[in-house]
Amino acid sequence: MIPPRPAPVKAHGFRFWLRKNLFNGPFNSALTLVAAVVAAWSLYNLGNFIFVEGSWGQVWRNMRLFGVYRYPVEHLWRPLLALGMMLGLMGVMAGAAGRKSIVAGAFLPIQGFVAVVSAVAVIFWPSVRFLWPAALALGFIGYFVGRRWPRAVKYLSWGWGAWLVVGYLLLSGFTAGGALGRVPVRDWGGFLLTLILFTGIIPSFPIGIALALGRNSKLPAIKYFCIGFIEVVRGAPLIMWLFIASLLLPLILNVDANSLPAIMRAYVAITLFSAAYMAENVRGGLQAVPRGQGEAARALGLSAWQTTLLIVLPQALRAVIPAIVGQAIGLFKDTSLVFIVGLVDFFKVGDIVSVQPEALLVTGGVKLEVFLFIAVIYFFFAYRMSIASRQLEKRLGVGER
Amino acid sequence: MTRYFRFLVALALVVSAGTVFAQGRLQAIKDRGELRCGVNANLPGFGVPDASGAYTGFDIDFCKAIAAAVFGDASKVVYRPLTAGERPTALQSGEIDVLIRNTTRTSIRETDWGANFAPTTYYDGQGFMVRKDSGINSLRDFEGRSICVQSGTTTETNLGTTLAGLGVQFTPVIFETAPVLIAAYDDGQCDGWTTDGSGLVSYQTQLRVPSDHKILPVIISKEPLGPAVLHGDDQWYDVVSWTIYALFDAEEYGVTQANVDDMLFNAADPQVKRLLGAPGSESYVQAFGLRADAFYQAIKAVGNYGEIFDRNLGSGSVFGLERGINAQYYDGGLIYGFPFN
Amino acid sequence: MQPGKSSVSPSTAVVPFWRNVKIIGVIAQFVFVIALVAGIGILVNNVVTALAKANLPADFSFLGKPAGIPIAERAIPYQVTDTYARALVIGFLNTLKIAVVGVVLATVIGVFMGVMRLSSNWLVRTMASVYVEVLRNIPLAVQIVFWYSAVLLPFPPRISDPIALPGGLIMSNVGLAFPFLYPTYRFGVWVPYLIAAAVLACVAWWWRRRALAKADRVGSVWPFPVVTFLVVAGLGLGLSYLGRSVPSDLTFTFEADRGRGTTAFVVDGKSRPAAFVPVAIEIEKASLTVSSQNLVESRQDVRGSVRFPLMSEREADAFEFTFADAAAAEERGLQLSFDKYPSVATIYVDRNGNGKLDAGEDVDPATNRGYGGVDVVMTVTNFRRTLVSDRDGQVRTPTFKHIDEAAAAVEESAAPRAGTRFSAFGQAATATVSESALTAKTEIQPVGALVLSRAYVPVSNYEGGMRLTVNYLALLLALVVYTSSFIAEIVRGGILAVPKGQREAARAIGLSGVQTFSLIIFPQAMRIVLPPMISQYLNLTKNSSLASLAGYAELFVIASVVSNQTGAAIPIALLLIGAYLAISLAFSVVLNQVNARLALVER
């Protein structure tokens, strides 16, 4: 028998950690000092600006513009109901997947964000005092429904589809002078608009898959059309497609410019642009599926369509989920480009807020404050998504081959 | 479906009346129940949303006045924010009923755009702002200096051609949007900047020390700004034009937002009576296809021209702009309301 | 399988033509193409009718019309009267200018940050992670606005008192300028030598390789061709400076009172601007009047400062500074304090009588602001400056006045001016200016193949040298920083992907940590990293289309201005798509080459 080894030297504790991570050698010590100076300087300046120099009144006063732009106050329950439904659906997903799942990891911080806003609303914003907590509650109800009846997930894709339709009807109102009262799309803006444009990723899914399959097709006409579409769209920047869509879409479709509001034009451009990228992601997944899978399916007597839809696609999509989340982050950030077609999204509201007469009275302007606020909000959501993407990557073992 | 139904009903009505005439825009607006007004959403003083999201400004008040004249309710306006480039399409496609977006009346716009301009509501001209202590007193002093200018506007080409004509060589610094331009000028990126005089004034307040800057006593273009409607609908054009004249006249005859109720019944001046459609003089306003109290409602909603000016641009605003050339004719300005007769 | 024959044989299943995959395929394609053609036809027809209705141009004839767009930043000569086509070309060149520089910088910073993220130092690693995570999760548009409006405009000092860095660099809130070597009209003399140098370098390379192979030993090859090239090219450059003289058709006209001149070749009475010609300008006696200003600079108050165009002491025998209204200045007790001889001064009142500027003495107690609006006159004798004309053949000096003239001008400005802001329309924009008495002696300098152009500030903008506007710098910074955060992730992934055994083996054979990284790990990581990196380069190029947020005149910005002015939306859209496709095609050619190379190496 081998005699027991002596216990290892104590290798933890603060000082050991310091020596190991910060001061293991003269070079690293010097590096640590330089980095510490840079970090302290940056943090000091940032803190000084946020807590001392900044004048945040203008941002605070305009929270409504940042949130929904000109959406009428008396109808605010509608976007918030749509938000609550979204949170509820996400809650069901998260609840069904379990507390420690990736979905829940994404859902709970968002609930936290909504909870903070709700608390602020209860105290400061009488018009939405009960609406924000209600949206929060819907999220939790969804979560508990998911925990209790995990099988509800099965119907979730129907739920999301219904949510898109109901959400649109809710936001726009049904008819002129109808029960809800119509809110014209041109009054939609702020973060609401950013989220609406972000949903462009949902319709881009089927289009992208169709394009990817088309690109792999053996029929040259379809194949080259898909290749041409994908490459041309990906070759030019989104801002250019938005510009072209806003100028030309009414001409191309030969419709009255009035019946095709700017938001629709932007939505079409964003969806098609996103679809082209989606197609490339899906194609990557299709290539990753072993040939044997398809051949085995054919051997079992499945038709070509069945093979694609039931065997190949599910595997391909599973492999590219992280890439798709990455693309979603990109799209979320890219929605800020709709300023070019005159839409007032979250980013553009910043411009308006910094030229209001009240802003003009602040010496030196409030640009820095306004855009810092905007950056923080964008960062919160994009960073949350990127964490989810990384977790997915790990779970699927994509990065570890 | 309802549209078709409505169309059928309308068709039946027209046929049964035995006369065929195109439905005028005024009627279309009345049927629709809202006025569509093309505006600027980003020019302080002329049109910008406030913290509650409601548009406010000089141009906005004229939209309200027209809506009040048509519906008796100034809130029945749908604002369509337009960029400079979107204006002709929006007007031509019928997307908007009236364009009130600090638009200069020019021959090209009357012909190419097919726009009919109502009376000028603001006489403007392209000017220059410089620092008081910059040593620049005339356009010639811009030699070798830089001038900030907004891209894609007539301002840009005016600047280029005027200074080229003087033989002055300068560095243009181009900006897409005015707010960025102002910040850059204030930070000394250029020695001067140019835009319409109204814009100069409206943005001067945004500078760190507004009193350190001056507007050069030089105007290199005439920029009469006013509402525009599409060619070919005289009735609608008359409504827009005379709503403006009514506001001009109201100032001249001392009718204000505060005393208009009193004036309606107690005014002795026949001009005022006709303007307000007071009992006995209804026909003067009704002839436009409007209700008798149309202009009364307009004044009630936004006040007379002088009040609109003061509230948005003049002493009642952060801009504190002088009336100058936009004063009434009897004060040496160019504002001249035509008589109701 | 042939359908006709198979129907004869009973053993194989009969495949009717409507179930034959090939035929279905052909039919499907046929239907698809017809639908596509019909669809496109309808859409095109829609567009054409709509354009005709709106009276908008649908062809490219507008390209030949004068543009009237002032563009400050350009790589080729351009005037307001030039055509739309030229304006668009300038936009395209500007796109390339930002893309090329951006790609290089983003790579450097991105690789640095990627390596830092794997540092063994916790603090460095964490800071690099924060850098990457923050920057890649904030929209680029927000970042551009941040760099431009919140950093680069307010923080650097004004152009009138720029930071002069060593090496001739000048930085201010107008941008950055630095000395630059430009090819002159005599560049052609050098070209044969350059060709010869290139050929000889190839020969040297080939010879050295052969010699090494013959001797069967290891040695470095590259110093031979490089030295050969440098020697021959240098010789040619040196020779181009010999026997130089000023061509007889090269002229220089100088308007002393406007402070500007033009170098041009005049052939048969027609003049063509001559780029990059050095000229010497000498002014015997002149003066310059400047008012003192109270400014907010780098977010600080700068009070009562007087700035004269940036000069070196060498240029003049004597500067003399006086108050324009000496009596009034004496009465108020005003003094001048030169803190940066001879270009910047502060006006103050020596309240404690120690003869120098102390804190607080530059503030007027009456107004609580500086002594602004006080005119100071600088008198120069024997001003001499050698300048290099720019791409358009322009040179500029400070706008001096003749001494008597300056005095008259001061008197005039002291008199009250009539008229208010909008006193009258049609007011004469041309003020009558008396004939100037100021004269200058000028001389064109002979030049070799290259000329060093230094940056300087004659009035209130850079002249000479290479100039980068603050708009360009802001866009560049945003693009570089944003893209570098993605590149850092790619590099990190690439390094992690190199098998652990490689590092262990390298350490085992005795390589140091740095050697292991630079010789073993990094080259292998590069192979994994290059393809995604190239697609980031393409992204950077496409993202430069957000230039309008920083006011940089890039292709998309100019195209949208042209579209606004002419209404030619469709032709412009086609041009834009074509231009961007050309760029992305170029990138994918490079990408394919790289992929092919890497694949070869792998096998």
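Residues numbered from 1 in each chain as written. Chains lettered and ligands numbered in written order. Predicted model: local features only at pLDDT ≥ 70, side-chain atom pairs only at ≥ 80, totals over all residues. Heavy atoms only, no water.

Glancing now at the overall build of chain A. Counting its secondary structure elements, chain A contains 19 helices and 0 strands. With the principal axes as the frame, chain A shows a C-alpha extent of 85 × 75 × 45 Å. Every one of the 401 residues in chain A was classed for burial, and the buried ones make up 48%. Sequence separation of 24 or more characterises 74% of the internal contacts of chain A that already satisfy a separation of 6 or more. As presented, chain A carries roughly 20000 Å² of accessible surface, and 70% of it is formed by carbon and sulfur atoms. Chain A carries 35 positive and 14 negative side-chain charges, and their two centres are separated by 14 Å. (Helix = DSSP H or I, 4+ residues; strand = E, 2+ residues; numbered from the N terminus. Buried < 20%, exposed > 50% of the residue type's maximum accessible area, 1.4 Å probe, protein only. Contact = heavy atoms within 4.5 Å. Areas by Shrake-Rupley, 256 points an atom, 1.4 Å probe, with all protein chains shown as cover. Lys, Arg positive; Asp, Glu negative; His and termini not counted. Charge placed at Lys NZ, Arg CZ, Asp CG, Glu CD.)

Residues and elements named next belong to chain C. Strand order in this open sheet of 4 strands is E1-E2-E3-E20, and the pairing throughout is antiparallel. Each edge of the open sheet is held by one strand with a lone partner, namely strand E1 (163-165) and strand E20 (466-469). Taking the axes of each pair of neighbouring strands and ignoring which way they run, one obtains an average angle of 15° across the sheet. In this structure, E1 lies alongside strand E2 (residues 169-172), joined through 3 bridges in antiparallel fashion. Residue Leu165 lies in a different strand from E2, and its bridge partner there is Leu169. Docked against the sheet, helix H10 (residues 470-497) engages E2, strand E3 (175-178) and E20, running at close to 65° with respect to E20. (Pairing = 2+ DSSP bridges. Axes fitted to C-alpha atoms, helices over the stretch in contact; angles between N-to-C directions.)

Moving on, we get to the state of the cysteines. Residue and element names in this part refer to chain B. Under the counting rule described, the total for this entry stands at 2 disulfides over all chains. The side chain of Cys37 participates in a disulfide bridge whose partner is Cys63; the two sulfur atoms lie 1.9 Å from each other. Judged by the sign of its S-S torsion, about -65°, the cystine formed by Cys37 and Cys63 is left-handed. With Cys37 in strand E1 (residues 35-39) and Cys63 in helix H3 (residues 58-71), this residue pair connects regions lying 26 residues apart in the sequence. (Disulfide = S-S within 2.5 Å.)

To continue, consider the interface of chain A and chain B. If you look at the interface, chain A gives 22 residues, while chain B gives 24 residues. Interface area for chain A against chain B, summed over the two sides, is near 2200 Å², with a carbon-plus-sulfur share of 55%. Taken together, chain A and chain B are joined by 0 salt bridges. Counting every contact that joins chain A to chain B gives 3 residue pairs in polar contact (both at pLDDT 80 or more). Put simply, the parts of the chain that give the side of chain A that touches chain B at least two residues each are helix H4 (63-68), helix H17 (346-353) and helix H18 (357-360) of chain A. Looking at the side of chain A that touches chain B residue by residue, the classes come out as 9 nonpolar, 6 polar and 7 charged. (Buried area = accessible area lost by both parts, 1.4 Å probe. Salt bridge = Lys/Arg side-chain N within 4 Å of Asp/Glu carboxyl O. Polar contact = N/O pair within 3.5 Å; in protein donor to acceptor, adjacent residues only side chain to side chain. Nonpolar A, V, L, I, M, F, W, Y, C, P; charged D, E, K, R; others polar.)

All names here are of chain C. Across the sheet, 4 strands lie side by side as E11-E16-E8-E18; this open sheet has antiparallel pairing. Whereas interior strands pair on both sides, the edge strands pair on one side only; in this sheet they are strand E11 (318-323) and strand E18 (441-444). Neighbour-to-neighbour, the strand axes of the sheet open up by a mean angle of 25°, direction not taken into account. Across 4 bridges, strand E8 (residues 278-291) lies against E18 in antiparallel orientation. Paired with Glu282 across the two strands is Lys441, which belongs to E18.

With that out of the way, let us pick up the packing of helix H11 (residues 220-235) of chain A against helix H13 (residues 262-288) of chain A. Residues and elements named next belong to chain A. As a packed pair, H11 and H13 sit with axes 9 Å apart at the nearest point and diverge in direction by 115°. Of the two possible hands of crossing, H11 and H13 adopt the one that is left-handed. From H11, Phe229, Ile230, Glu231, Val233 and Arg234 reach across to H13, where they touch Leu272, Phe273, Ala276, Tyr277, Ala279 and Glu280. The class makeup of the residues in the contact of H11 with H13 is 8 nonpolar, no polar and 3 charged. (Left-handed = near helix turned anticlockwise from the far one by under 90°.)

Grouped burial of nonpolar side chains is what soluble globular proteins tend to show. If you look at the biggest cluster of nonpolar residues, it comprises 263 residues, and the most contacted ones within it are Leu242 of chain A together with Trp236, Leu276 and Phe295 of chain B. For this core, the leading source of residues is H10 of chain C, giving 15 residues. One finds Ala316, Phe323, Ala345 and Met378 of chain C within the second-largest nonpolar core, a separate group that totals 37 residues. (Core = buried A, V, L, I, M, F, W, Y, C linked by side-chain atoms within 4.5 Å.)

With that out of the way, let us pick up the confidence of the model for chain C. Residue and element names in this part refer to chain C. Per-residue confidence for chain C gives a mean pLDDT of 83, with 90% of residues at or over 70. The low-confidence segment residues 1-10 (pLDDT under 50) makes 2 contacts with residues lying over four places distant or belonging to another chain. Here residues 414-434 is modelled with pLDDT under 50, and outside its nearest four sequence neighbours on either side it reaches 23 contacts, counting other chains as well. Taken over the whole predicted complex, pTM reads 0.83, whereas the ipTM for its chain interfaces reads 0.88. (pLDDT = per-residue confidence, 0-100.)

Residue and element names in this part refer to chain B. According to the stated counting rule, one finds 65 aromatic pairs over all chains in the structure shown. Considering the side-chain rings of Tyr245 and Phe248, the 6.3 Å spacing of their centres and the 75° angle between planes classify their relative orientation as edge-to-face. One end of the pair is Tyr245 and the other is Phe248, both in helix H9 (residues 234-252) and 3 residues apart, which spans about a single turn. In this pair, the class of Tyr245 matches that of Phe248, namely buried. With centroids separated by 5.6 Å and ring planes inclined at 65°, the aromatic side chains of Phe295 and Phe340 adopt a geometry described as edge-to-face. Highlighted residues: Phe295 in helix H13 (residues 294-302) and Phe340 in the segment after helix H14 (305-312), separated in sequence by 45 residues. (Phe/Tyr/Trp six-rings, centres within 6.5 Å; stacked < 30°, edge-to-face > 60°.)

Turning to the environment of Leu139 of chain B, a few remarks are in order. Residue and element names in this part refer to chain B. As for its placement among the helices and strands, Leu139 is situated in the loop between strand E7 (122-131) and strand E8 (146-150). Assessed through its relative accessible area of 0%, Leu139 is described here as buried. Considered as a pair, Leu139 and Leu163 are 24 residues apart in the sequence and their alpha carbons are 7.5 Å apart.

All names here are of chain A. Where nonpolar side chains cluster on the molecular surface, the patch consists of Leu164, Val165, Val166, Tyr168, Leu169, Ile202 and Met264 and spans about 520 Å² of accessible area. Sorting elements by how many residues they give to the nonpolar patch places helix H8 (residues 156-172) first, with 5 residues. On the secondary structure map, Ile202 appears in helix H10 (residues 201-215). (Patch = residues over 30% accessible without salt bridge, like charges linked within 9 Å, V, L, I, M, F, W, Y side chains within 5 Å.)

A few words on the pairing of strand E9 (residues 171-175) of chain B. Residue and element names in this part refer to chain B. Along E9, 4 of the 5 residues are buried, which leaves the element largely enclosed by surrounding structure. With 5 bridges connecting them, E8 and E9 associate as parallel partners. Looking at the pairing, Gln150 lines up with Phe175 of E9.

Bringing the interface of chain A and chain C into the picture now. Counting from both sides, the interface comprises 53 residues of chain A and, opposite them, 49 residues of chain C. Among the salt bridges present, the one from Arg390 of chain A reaches Glu133 of chain C, with a minimum N-O distance of 2.8 Å. Counting across the interface, chain A meets chain C through 9 residue pairs in polar contact (both at pLDDT 80 or more). Of all elements in the fold, only helix H1 (14-21), helix H2 (26-53), H11, helix H12 (238-253), helix H16 (321-334) and helix H19 (367-396) of chain A reach the threshold of two or more residues within the side of chain A that touches chain C. If you tally residues by element for the side of chain A that touches chain C, the top one is H19 of chain A, at 11 residues. Of the residues that constitute the side of chain A that touches chain C, the class distribution is 39 nonpolar, 8 polar and 6 charged.

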